[in-house]
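Results of the structural survey
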Amino acid sequence: MQTSPLSKIFLDGREFLVKRDDLIDPYLAGNKYRKLYTLLQTPKEKYTTVISYGGTQSNAMLAIAALCKHKEWQFIYYTKELSHRQKENPLGNYAEALRLGMQHKEISSELYRDFIVSLRLNLDEKSFVIDQGGAVQEAKAGLDVLATELREQLQKLPHIKAVATPSGTGTTALFLAKALPEYRIYTTPCVGDIVYLKEQMLALSEIPDNLMILKPKKKYHFAKPYKEFYEIYKKLLAAGVAFDLLYAPAMWLSLLEHTDEAILYIHSGGVSGNSSMLERYRKFDKE
Ligand SMILES: *Cc1c(COP(=O)(O)O)cnc(C)c1O
């Protein structure tokens, strides 16, 4: 695997570097590539089946579907029940994942929690469960590789002492901060608030001192369209890089608000999910 390149962008009079993990692969890219790295290195013969669960437009779902297709593993993905509209007209990541061979199974909302808790019971040794969003200890190895790449690339850029990446489960930011203790790692919660993010991180490991969690300007609900998200997305696009619409906008807004030093932003991928989100953002075009 080649080192993903760096791009330079100008935003609000500041220069940022962007690590282009979005360019690694059309499906298995961004931080999902990093988090699934251990599985990608695993010999085909070790497993027959990968099981995961979560949202129907999840970036992790699509990345796992691509990984399983490549490995010829069966991929079973559990979600709560879909709406009729979603079922009749599959869109975005969900449609792509089905095309890649994902077997989708719906679980009723009442049973969902218990069902997920029981997934690892009676699991045979040829099956592997990936928790929602890839929040597993196995993610560490891929983030160590990212840290090694960054260290080498940043050697030539001594003015940069900070790296940023947005958080869902916080797995990426946490393991990256641990692997790069000599850099400040900025993140911001995109799912829930800071308290919830810290809880999720603490389930994986202690939180190191160099990890800085920036507080969003207001409470954003995950996957809801916000005008300021769309605006920063368009600004970044005009600056030369397409970012995702779920995580990147909150991170960029937090960076512009709370920081003023030189920063390297790690593109966390997820651009494939934009088609279904842009549909919902169209209403802002009419304003
Ligand atoms: C999954 C995802 C994240 C969140 O990653 P965590 O490791 O769960 O914090 C951030 N950005 C994008 C584009 C993602 O798909």
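Presented here is a report on the structure given in the accompanying data block.

Quick notes on the rules
- Residues numbered from 1 in each chain as written.
- Predicted model: local features only at pLDDT ≥ 70, side-chain atom pairs only at ≥ 80, totals over all residues.
- Heavy atoms only, no water.
- Helix = DSSP H or I, 4+ residues; strand = E, 2+ residues; numbered from the N terminus.
- Rg over C-alpha atoms; globule rule 2.2 N^0.38 Å.
- Buried < 20%, exposed > 50% of the residue type's maximum accessible area, 1.4 Å probe, protein only.
- Contact = heavy atoms within 4.5 Å.
- Core = buried A, V, L, I, M, F, W, Y, C linked by side-chain atoms within 4.5 Å.
- Pairing = 2+ DSSP bridges.

Looking only at helices and strands, the protein chain has 12 helices and 10 strands in total. Taking 19 Å as the expected radius of gyration for a compact globule of 287 residues, we find that the protein chain reaches 19 Å, a close match to that expectation. Projecting the C-alpha coordinates of the protein chain onto the three principal axes gives extents of approximately 50 × 45 × 35 Å. Within the protein chain, buried positions represent 54% of all 287 residues. In the protein chain, once contacts between residues fewer than 6 apart in sequence are set aside, the share between residues at least 24 apart is 75%.

Grouped together as the largest cluster of nonpolar side chains are 26 residues, with contacts concentrated most on Leu28, Leu36, Leu39, Phe75 and Met102. Of all elements in the fold, only helix H2 (37-40), helix H3 (59-71), strand S4 (74-80), helix H5 (92-99) and strand S6 (127-130) reach the threshold of two or more residues within this core. In terms of residue count, H3 provides more of this core than any other element does, eight residues in total. Those residues in contact with Leu36 that lie beyond four places of it in its chain are Leu28, Ala63, Ile64, Leu67 and Ile130. Among the nonpolar cores identified, the runner-up in size contains 25 residues, and Leu17, Phe175, Leu204 and Leu211 belong to it.

Along strand S10 (residues 263-266), one buried face is formed by Ile263 and Tyr265 and the opposite face, lined by Leu264 and Ile266, is buried too. Note that strand S2 (residues 14-19) and S10 share four bridges and pair parallel. Looking across to S10, one finds that Lys19 is bridged to Ile266. Alignment of strand S7 (residues 162-164) against S10, held across three bridges, turns out to be parallel. Its bridge partner lying in S10, Ala164 is registered against Tyr265.

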